[in-house]
Structure formats: structure tokens, C-alpha cells
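# Structural characterization, general
Each chain, letter by letter, is given below.
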Amino acid sequence: MAKMIIDGHEIQAKAGATVLEEARRLKIEIPTLCYHKDLSSFGACRLCTVEIKVKGKWRLAASCQTEAEEGLEVRTDTDAVRASRKLAAELLYFRYPETAAVREIAAKLGVDVREAAEESHDCILCGLCTRTCHEIVGANALNFKDRGLGREIEEPKIEFSPAACIGCGSCAYVCPTGFVRMESVNGKRIIWDKVFKMASCEVCGRHFAPVEQLEFISRTTGVPIRSLMTCVSCR
Ligand code: SF4
Ligand code: FES
């Protein structure tokens, strides 16, 4: 436990919690695009900015990456905080003007959002898919390809490793923009352009999960694959 102050409220913060988590416990609204409570923080969107007092001076910090420490003072709703969040939203809107998740948050933060010509589903590099793939699924099929070293400067992007992907679809569920497309039809699932054969439930016959995902679970848990061939509803 750490005693700290957020917007004048003295609280006992949980060990290891972030300022964002503690502020949300107080029902203080803080915008986020790259944060998920079950994943490590990444600090990509900068929408969650707050002010923290360091050596008597207020400075801006990403609340999802700032640990709630003993004696810390935090302000979440000052002119500087609002201006910083608006600037972060403007930058995102500038890069992805047709992406609904960006437009929505930018409008909320005071950015002048014009009508979209056509909806698009850009990758905003929030890293939610890569972290989910590594930290929750453990398949490690998605990685950030960062700016190239040396003379070749490339835009960062998500790199997909087909051999490692098990087709679980977690990245599609967590992606806030719809960039990760997944389609499950006629006993097949297509995701990141890889086609997976779906297993049929031994009881009801429904296609319920990619065979590769069941094999992965069997491999990593030691549960025989035979015991995994029944869907959740029939178990
Ligand atoms: S694909 Fe989606 S979840 Fe992954 S980094 Fe891009 S926007 Fe974020
Ligand atoms: S939520 Fe904190 S930087 Fe994106």
C-alpha cells in the first residue's frame, strides 16, 4: 500500500498499481487507446496523460506507465493535461482520420473532427495485439517491426509469423480499429491471410476452434488432444 493524492483525494494505492488504475478506482475518467487491464502498459497513445509532482514541480506523465508511489501527487484535470491529451488526439487524428476509434476519442477530447469520407480500419500501432499474443496466448506470432536501423527508415508495423500463429483470434478481438480481420466460414478460419481448419465438436458437431489452437493447448498444458475435442457448451 502507498499513500498518495489524486485530485486532492488521499488514497491508499495497491502495491504495484499504476496511477491510471488508481484514478479509475476513484471513478476518474481518463482516455486510453493502448491500455488493457490484463496487459503490460505500452505508452503508445499518450492519451492518458496526467500531471505528477516531481521535486516540487508539476510535469506531464503517461498515467498507464506511472507507478502509484508513496507520497505521489497527481492532477488529472488541468489545462496542461487537457492540452496534452488534445494534442495526442490531434496527432492520431492527423494520421488516421477515417478510423472510427480515433475519430471518437479525438472528438471527445475537443479535436475538430470532420465527417469521414469513408471508414477505414488502420493499424494505429497500439500494440494491444502483440501484447495479447505474447502475454496471454503465448504464441508469439505478432511482433513490432520497428524503424529500420541504418539508412533505411521504415514505418513501424506489425509483423506476422504464420508458422507461430494458432488462429485463436485473440488479436482480432482486442484490436480497437478492426484492422485485424477474421473470418470463420465453412469449417475454416482466415486471419492475417492464413487459413486454419476448424475442429468439429464431438458432441454437437459445431466448428468451434482451429485444430492448431487445440494442438497448441495440448502441447503447452499436457492435456491430451482427445479431451479438447468438445466445445464449451457441450462440456
Ligand atoms: S493491429 Fe490493431 S491491435 Fe494491433 S497494433 Fe494495430 S491497431 Fe493495435
Ligand atoms: S493508455 Fe497510456 S499511453 Fe496509451
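Residues numbered from 1 in each chain as written. Chains lettered and ligands numbered in written order. Predicted model: local features only at pLDDT ≥ 70, side-chain atom pairs only at ≥ 80, totals over all residues. Heavy atoms only, no water.

## Focus on the sheet that holds strand 11 (residues 207-210)
Consider a sheet: its strands pair through backbone hydrogen bonds, and that pairing is either parallel or antiparallel. The strand order across the open sheet formed by four strands is 8-9-10-11, and the pairing between neighbours is antiparallel. Bordering the open sheet on either side are strand 8 (182-185) and strand 11, each of which pairs with just one other strand. Between one strand axis and the next, the sheet turns through 30° on average, direction left out of account. Here strand 8 runs beside strand 9 (residues 188-191); their pairing, made up of four bridges, is antiparallel. Its bridge partner being in strand 9, Val 185 is matched across the sheet by Lys 188. Of the strands in this sheet, strand 9, strand 10 (194-200) and strand 11 are in contact with helix 6 (residues 211-221), which crosses strand 11 at around 60°. (Pairing = 2+ DSSP bridges. Helix = DSSP H or I, 4+ residues; strand = E, 2+ residues; numbered from the N terminus. Axes fitted to C-alpha atoms, helices over the stretch in contact; angles between N-to-C directions. Contact = heavy atoms within 4.5 Å.)

## Here's the deal with the packing of aromatic side chains
Per the counting criterion, the structure on display carries three aromatic pairs. Each ring, one from Phe 160 and one from Trp 192, has its centre 5.5 Å from the other, and the planes form 10°; the classification is stacked. Of the two residues, Phe 160 is situated in strand 7 (residues 157-160) and Trp 192 in the loop between strand 9 and strand 10; the sequence distance between them amounts to 32 residues. Each of the two residues, Phe 160 as well as Trp 192, counts as buried. (Phe/Tyr/Trp six-rings, centres within 6.5 Å; stacked < 30°, edge-to-face > 60°. Buried < 20%, exposed > 50% of the residue type's maximum accessible area, 1.4 Å probe, protein only.)

## Quick word on the pattern of salt bridges
Opposite charge on two side chains permits pairing when their charged atoms draw close. Evaluated as defined, the whole model comprises eight salt bridges. With a shortest N-O distance of 2.7 Å, Arg 25 and Glu 22 are connected by a salt bridge. Residue Arg 25 and its partner Glu 22 are both found in helix 1 (residues 19-25); the two are separated by three residues, about one turn of the helix. Take Arg 25: its relative accessible area is 45%, and that puts it in the partly exposed class. Across the salt bridge formed by Lys 108 and Glu 29, the nearest N and O atoms sit 3.3 Å from each other. Of this pair, Lys 108 sits in helix 3 (residues 100-108) while Glu 29 sits in the loop between helix 1 and strand 3 (49-54), and the two are 79 residues apart along the sequence. Glu 29 matches Lys 108 in its accessibility class, with the two residues each being exposed. Among the charged side chains, a salt-bridge network with shared partners connects Asp 77, Asp 79 and Arg 82. (Salt bridge = Lys/Arg side-chain N within 4 Å of Asp/Glu carboxyl O.)

## As for the environment of Glu 155
Position of Glu 155 among the secondary structure elements: in the loop between strand 6 (142-145) and strand 7. Glu 155 gets classed as partly exposed once you look at its relative accessible area, which sits at 47%. Here the alpha-carbon distance between Glu 155 and Lys 145, two residues 10 residues apart in the chain, equals 8.4 Å.

## So, the sheet that holds strand 4 (residues 57-62)
Taken in spatial order, the five strands make up an open sheet running 2-1-5-3-4, and their pairing is mixed. Of all strands in the sheet, those with a lone pairing partner are strand 2 (9-13) and strand 4, marking the two edges. Here the average twist between neighbouring strands, direction ignored, is 35°. Where strand 1 (residues 2-6) and strand 2 come together, five bridges link them in antiparallel fashion.

## Focus on the environment of Lys 108
For Lys 108, a relative accessible area of 64% gives the class exposed. C-alpha separation for the pair Lys 108 and Lys 86, spaced 22 residues apart in sequence, amounts to 9.1 Å.

## Brief notes about empty space enclosed by the protein
The tally for this structure, following the rule as stated, stands at two cavities of 30 Å³ or more. In this model, the largest cavity occupies a volume close to 110 Å³. In this structure, the largest cavity is lined by 17 residues; those nearest its centre are Cys 133, Leu 142, Cys 165, Cys 168 and Cys 171. Counting only elements with at least two residues in the lining of the largest cavity, the list comes to helix 4 (128-137) and helix 5 (170-174). With four residues, the single largest contributor to the lining of the largest cavity is helix 4. Across the lining of the largest cavity, the residue classes break down as 13 nonpolar, four polar and no charged. Its volume calculated, the second largest cavity comes out at about 90 Å³. The residue makeup of the lining of the second largest cavity, split by class, is 12 nonpolar, two polar and no charged. (1 Å grid on protein atoms, 1.4 Å probe; cavity = no way out; pocket = protein on both sides within 12 Å on 5 of 7 lines; lining within 4 Å. Points joined across faces, edges and corners; volume = space filled by probe spheres on them. Nonpolar A, V, L, I, M, F, W, Y, C, P; charged D, E, K, R; others polar.)

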